[in-house]
Amino acid sequence: MRYLPLTPADRSSMLETIGASSVDELFCDVPEAARLTGPIEGLPMHASEMAVERHLSALAAKNLNAGSAPFFLGAGAYRHHVPASVDHLIQRGEFLTAYTPYQPEIAQGTLQVLFEFQTQVAALFGTDIANASMYDGSTACWEAILMAARVTRKGKSVLSGGLHPHYGEVVRTMAKFTRDDIVSLAPELTAEADDAAVIAAIDDGTASVVVQYPDILGRIPDLAAIAEAAHAKGALLIAVVTEPVALGLLEAPGHLGADIVVGEGQSLGVGLQFGGPYLGLFGCREKFVRQMPGRLCGETVDAEGKRGFVLTLSTREQHIRREKATSNICTNSGLCALAFSIHMSLLGGEGLSQLAAINHDRAQALVARLTQIPGVSALSEAYFNEVTLVLSRDAREVVRDLADRGVLGGVSLGRLFPELDGLHKGLLVTATETVTDADIETFATELAAVLEGVAA
Amino acid sequence: MSGVNTAGWRPSMNSAEGGVSVPETQSGDHALMLEEPLIFELGCEGQTGVDFDAPAKAVSPALAKFRRKAAPAVPGLSEPEAVRHYTRLSRQNYGIDLGPFPLGSCTMKHNPRLNEKMARLPGFADVHPLQPQKTVEGALEVIEQLADWLITLTGMASVAMSPKAGAHGELCGLLCIRAALDARGETRDVVLVPESAHGTNPATAAFAGFKVETIPATPEGRVDLAALKAKLGPDVAGVMITNPNTCGLFEPEMKAIADAVHAAGGYVYCDGANFNAIVGRVRPGDLGVDAMHINLHKTFSTPHGGGGPGAGPVVLSEALAPYAPLPFVARGEDGHVHLVEEENRGEGHARAFGRMVAFHGQMGMFTRALAYILSHGADGLKQVAEDAVLNANYVLRSLEDVLQAPFGKSGPCMHEALFSDAGLPEGFTTLDIAKGLIDEGFHPMTVYFPLVVKGAMLIEPTETESKPGLDRFIASMRNLAQRAREEDASLHSAPHFAPRRRLDETRAARKPVLVWKADARA
């Protein structure tokens, strides 16, 4: 077996050293009834590299990958071009096959990357500090709500109607068990109405207000106004960013009064990967640092006075504090943080702004073309790279029909909000820098045909 | 310093060597030992590593009031600068690719590169989680095939695939237990956790809203069954047991523990972090387990990546299976694999306790784990467990005459060998041995865990170490023990040869510096 270096001779000689007559003897603590004698039945035996590659390649070929079709999906996962050097560098064995940096003298590579990553995320979010990553945006969102409850010593959280419904579902699931009080608002058709509903729901018992920016329908909420209303009642504003590229163009939530900013970092460096692994981003005000979840990398010096980095403030964490920890998180998304950080380093702040402007440009071109189709209109004028189109019929069917025609034409609001009948004609479409004019033209042609009921 | 690194023990780069003093270099670098500044200090203003097809046209006036006043203040690097920066940084890291990484409980085994290649096939890597289901049938089949293997290997009824890592899987299992208790109309709020447990166990129980009560260990390093039974009652929701446990021992009373917990109306959560010791040889389902997470990044070798991503699918018994969270992948009567979400949960998943993540879990890790499993097959996986256990026992028996093995007399260990610093001279500790190992070119073992053993050293070689490799490691460990016995003070200042000497963690925590600031350097 190609991954197992012990030879039969090695095994015999090692058993002799151990003083056991067989490997079975080493499993003597396992009760007789639970011991399996041979390989588990009904499962295949070992396979060559070529055979495994053949099997998995056949499965991969059954999927329509985004690069093989005009592609317009977003809703919390975005297709951006990732420079080739990113994937090359994260496959350096010293990064790929390292553990969490508990031995800092021989993990300065990972630690320095995390320190740079934290600085990049804080700059992007406009927060004082950021942590070394969470699992993904949705879990980071729940952790932010818990953190706000610790900071304010209150238990209620208001979720704006523009929050990604899957994020809302994660929060409601968790809150059911922790008995935190969650007020979930349904989306209104304009950002202004959603903002007003959020502000109206804040009271003295509110610990946090959760607002997605840009929101799930592609609109841009007025964070400054919501922050002011939240702070007036002693609540914290948690901004959720599912498309970090937007912050190349839009003001950073931290600069608009958000106290905690969380997000999904998948857009930069990580790729679509059918939903995971992704990258939870978490930034906040410095004064909350001891209430933060997750790992933090900090600067220090070594015994010779050289600058170095270590994991710090671990007294917040599960391996020290056990049931009193700020979170149970252990393994996070280290390698995805590295990919994000490399992509961000290649772009730089100016490059990110340019990328954002190009995304916005593509989305404008998409909207301009699709709204020429009779029965298609855009929900909002202010959007970044994603916008909700209102169609003349149920968008769930339209998405399936478009797929039959080889177009991956967005995400239907019916899939995202199955319980809200009023939204079922909504189609969320996204255009990143990867979308070409030809893609837009194909989409428009096929969408028009689908809406007219022309057979494929 | 007899017996110490006869090839040339040099406490610093500046000491005299053969009468000629070694010069300090102008750059501060030493040949292949290269220092690297932060990206903010490279002086790369105005560079970029990304070229765009065409500049953007005007930004819509509708966005004017939302515009960012200044671009994020982070530098850009040209591609050569970036490649060099990260390559130089990588060389300050230890990884499995460089040598043994015997972190007990963490399972640092070889990461096959085929798995990386498979996860990068565009059909897996370039697929959106919300694409129409008929365009992602292959991806769903990967999830389903992996799920099948996990169910069969554990002898359980079902598996929830979406948890993102081990601790997230623990949470999933406990929430299934909570949901099952709710369905029974019971409010049991205590979870029993052995004192030898991973820190995530009590943290997770608290995170899920339970009170944690600790069960002591026996002098033989096992769960104290009598103490556990004494705590069982109508308030106990369940227990969290790690098996094999964190002392590296199988819990022979596991079935008795499970029976007692079930009789008292509770559920059994098993921390599956150490499943690699028994995979293919023992099915947790045969031991009365109700829920167990499987760290794909441990047993099934998906890379740890310097701290993740992991993946923590949770296998479930019949009793808990109905409560598994959405989304869920299942093969329908039509023979196709379907994704069950809120939109189409139907009767079959009406009792799902909710959702734990935005999408479907760690697909990239599923592909890697499936490639690993298919490569090994049922026979290879059994061999994995056997070789892991053989290697650990070989280390145990090769070191127990020079280091105290607190449970060495209890019989064979499983996949990891536990030692302590109890027998070392006054002032010589586990930390000294660990840092000395760094100078020897090895990654240290897990230190000061489990907490039930003072000065613990937990060594998990894994099955991917060769015998000659283990012999080299053992020789270094014996040498370090010898140096400690001779009270070699240079151990206290180890490592001497790593990119950094011991780091001041107190200073880091006292006034945390978590981000780079331009003015701080002035």
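Residues numbered from 1 in each chain as written. Chains lettered and ligands numbered in written order. Predicted model: local features only at pLDDT ≥ 70, side-chain atom pairs only at ≥ 80, totals over all residues.

Colleague: Is there a simple way to explain the overall build of chain A in this structure?
Modeller: Along the backbone of chain A there are 15 helices and 13 strands. Against the compact-globule benchmark of 23 Å for 456 residues, chain A has a radius of gyration of 25 Å, which places it among compact chains. Taking the principal axes of the C-alpha coordinates as reference, chain A spans close to 80 × 55 × 45 Å. Nonlocal contacts in chain A, meaning residues at least 24 apart in sequence, comprise 73% of its contacts between residues at least 6 apart. (Helix = DSSP H or I, 4+ residues; strand = E, 2+ residues; numbered from the N terminus. Rg over C-alpha atoms; globule rule 2.2 N^0.38 Å. Contact = placed C-beta atoms within 7 Å.)

Colleague: I would appreciate a short explanation of the overall build of chain B in the present structure.
Modeller: A tally of helices and strands in chain B yields 12 helices and 14 strands. A globule of 522 residues ought to have a C-alpha radius of gyration of about 24 Å, and chain B, at 26 Å, matches this closely. Along the first, second and third principal axes, the C-alpha set of chain B runs to 80 × 75 × 45 Å. Within chain B, the fraction of its 522 residues that count as buried is 57%. Contacts spanning at least 24 positions in sequence make up 73% of the contacts within chain B whose residues lie at least 6 apart. (Buried ≥ 20, exposed ≤ 12 C-beta atoms within 10 Å, placed from the backbone.)

Colleague: Just to check I follow, could you spell out the confidence of the model for chain B for this structure?
Modeller: Low pLDDT marks stretches whose predicted atomic positions should not be read closely. Residue and element names in this part refer to chain B. On average, residues of chain B carry a pLDDT of 93, and 96% of them reach 70 or more. Low pLDDT, under 50, characterises residues 1-14; the stretch is placed with 14 contacts to residues that sit more than four places away or in other chains. Predicted as a complex, the structure gets a pTM of 0.96 and an ipTM equal to 0.97. (pLDDT = per-residue confidence, 0-100.)

Colleague: Looking at this structure, I do not really get the packing of helix 13 (residues 395-404) of chain A against helix 15 (residues 437-452) of chain A. What am I missing?
Modeller: For any two helices packed against each other, the geometry comes down to the angle between their axes and how far apart the axes lie. All names here are of chain A. Interhelical geometry of helix 13 versus helix 15 gives an angle of 125 degrees and a closest axis separation of 10 Å. It follows that helix 13 is oblique to helix 15 by the angle criterion. Remark: the crossing between helix 13 and helix 15 carries right-handed chirality. For the pair helix 13 and helix 15, contact is made by Val398, Asp401 and Leu402 and by Glu446, Leu447 and Val450, respectively. (Axes fitted to C-alpha atoms, helices over the stretch in contact; angles between N-to-C directions. Parallel < 35°, antiparallel > 145°, perpendicular 65-115°, else oblique. Left-handed = near helix turned anticlockwise from the far one by under 90°.)

Colleague: Help me understand the domain arrangement of chain A in this model?
Modeller: Quite often, the size of an interface is put as the accessible area lost when its parts meet. Residue and element names in this part refer to chain A. Taken domain by domain, chain A holds domain 1 (68-80 + 350-452) and domain 2 (84-344). Counting from both sides, the interface comprises 26 residues of domain 1 and, opposite them, 25 residues of domain 2. Examining the composition of the side of domain 1 that touches domain 2, we find that 7 residues originate from one element, helix 12 (residues 334-370), more than from any other. Each residue belonging to the side of domain 1 that touches domain 2 can be placed in one class, and the counts come to 16 nonpolar, 8 polar and 2 charged. (Domains from an automatic or database assignment. Nonpolar A, V, L, I, M, F, W, Y, C, P; charged D, E, K, R; others polar.)

Colleague: Is there a simple way to think about the sheet that holds strand 11 (residues 386-390) of chain A in this case?
Modeller: Paired through their backbone hydrogen bonds, the strands of a sheet run either parallel or antiparallel. All names here are of chain A. Read from one edge of the open sheet, 4 strands run 10-11-13-12, paired in antiparallel fashion. Strand pairing shows two members of the sheet lacking a second neighbour, strand 10 (377-378) and strand 12 (411-412), which therefore form its edges. When strand 10 meets strand 11, the two strands line up antiparallel, connected through 2 bridges. From the neighbouring strand, Ala378 faces strand 11, where its bridge partner is Leu389. Running at roughly 10 degrees to strand 11, helix 12 makes contact with strand 10, strand 11 and strand 13 (426-430) of the sheet. (Pairing = 2+ DSSP bridges.)

Colleague: Looking at this structure, how should I read the environment of Ala385 of chain B?
Modeller: Residues and elements named next belong to chain B. Along the polypeptide, Ala385 turns up in helix 9 (residues 363-399). Residue classification places Ala385 among the buried positions, given that 24 C-beta atoms sit within 10 Å. Placed 106 residues apart in sequence, Ala385 and Leu491 show a C-alpha to C-alpha distance of 35 Å. Residues in contact with Ala385, not counting those within four places in the same chain, are Asn276, Ala277, Ile278, Val279, Gly280 and Arg281.

Colleague: Where do I start with unusual backbone geometry in this structure?
Modeller: Glycine aside, residues mostly have negative phi angles, and peptide bonds mostly take the trans form. Each neighbour pair has its own omega, and for Asn243 of chain B with Pro244 of chain B the value is -5 degrees, a cis peptide bond. Here Leu326 of chain B and Pro327 of chain B are connected by a cis peptide whose omega angle stands at -10 degrees. By secondary structure assignment, the location of Pro327 of chain B is in the loop between strand 9 (314-316) and strand 10 (328-331). Backbone geometry at Arg153 of chain A places phi at a positive 55 degrees, although glycine is not the residue there.

Colleague: I keep staring at the environment of Thr432 of chain A and nothing clicks. Help me out?
Modeller: All names here are of chain A. Here Thr432 is to be found in the loop between strand 13 and helix 15. Judged by the 22 C-beta atoms lying within 10 Å of it, Thr432 is buried. For the pair Thr432 and Ala356, spaced 76 residues apart in the sequence, the C-alpha separation amounts to 8.6 Å. Residues contacting Thr432, with those up to four places away along its chain left out, are Tyr78, Arg79, His80, Asn359, Arg362 and Asn385.

Colleague: What is the right way to look at the interface of chain A and chain B in this model?
Modeller: Tallying the contact residues gives 170 residues for chain A and 171 residues for chain B. The greatest single-element share of the side of chain A that touches chain B, amounting to 21 residues, is contributed by helix 12 of chain A. When grouped by side-chain class, the residues that make up the side of chain A that touches chain B number 85 nonpolar, 55 polar and 30 charged.

Colleague: What is the right way to look at the pairing of strand 13 of chain A in this model?
Modeller: Residues and elements named next belong to chain A. For strand 13, the buried fraction is high: 5 of the 5 residues fall into the buried class. Relative to strand 13, strand 11 runs antiparallel, the two being bridged by 5 bridges. Bridge pairing links Val390 to Gly426 in strand 13. In the sheet, strand 12 pairs with strand 13 via 2 bridges, with the strands oriented antiparallel. Residue pairing for strand 13: Ser412 is matched across the bridge by Leu427.

Colleague: Please explain helix 12 of chain A as it appears in this structure.
Modeller: Owing to its 3.6 residues per turn, the α-helix brings residues three or four apart onto one side. Residues and elements named next belong to chain A. Spanning 37 residues, helix 12 covers only 40 Å between terminal C-alpha atoms, well under the ideal 54 Å at 1.5 Å per step. The largest bend in helix 12 amounts to roughly 90 degrees and is located at Gly348. Within helix 12, 33 of the 37 residues are buried, which leaves it mostly tucked inside the rest of the structure. (Expected span 1.5 Å × (residues − 1). Bend = angle between axes of the 7 residues up to and from the residue.)

Colleague: So what exactly am I meant to see when it comes to the packing of helix 3 (residues 49-61) of chain A against helix 4 (residues 137-154) of chain B here?
Modeller: Contact geometry for helix 3 of chain A and helix 4 of chain B: axes closest at 6 Å, N-to-C directions at 135 degrees. Between helix 3 of chain A and helix 4 of chain B, the crossing angle belongs to the class labelled oblique. Only Gly138, Glu141 and Val142 of chain B of helix 4 of chain B make contact with helix 3 of chain A, whose side of the interface consists of Leu59, Ala60 and Ala61 of chain A. Its residues assigned to classes, the contact of helix 3 of chain A with helix 4 of chain B shows 4 nonpolar, 1 polar and 1 charged.

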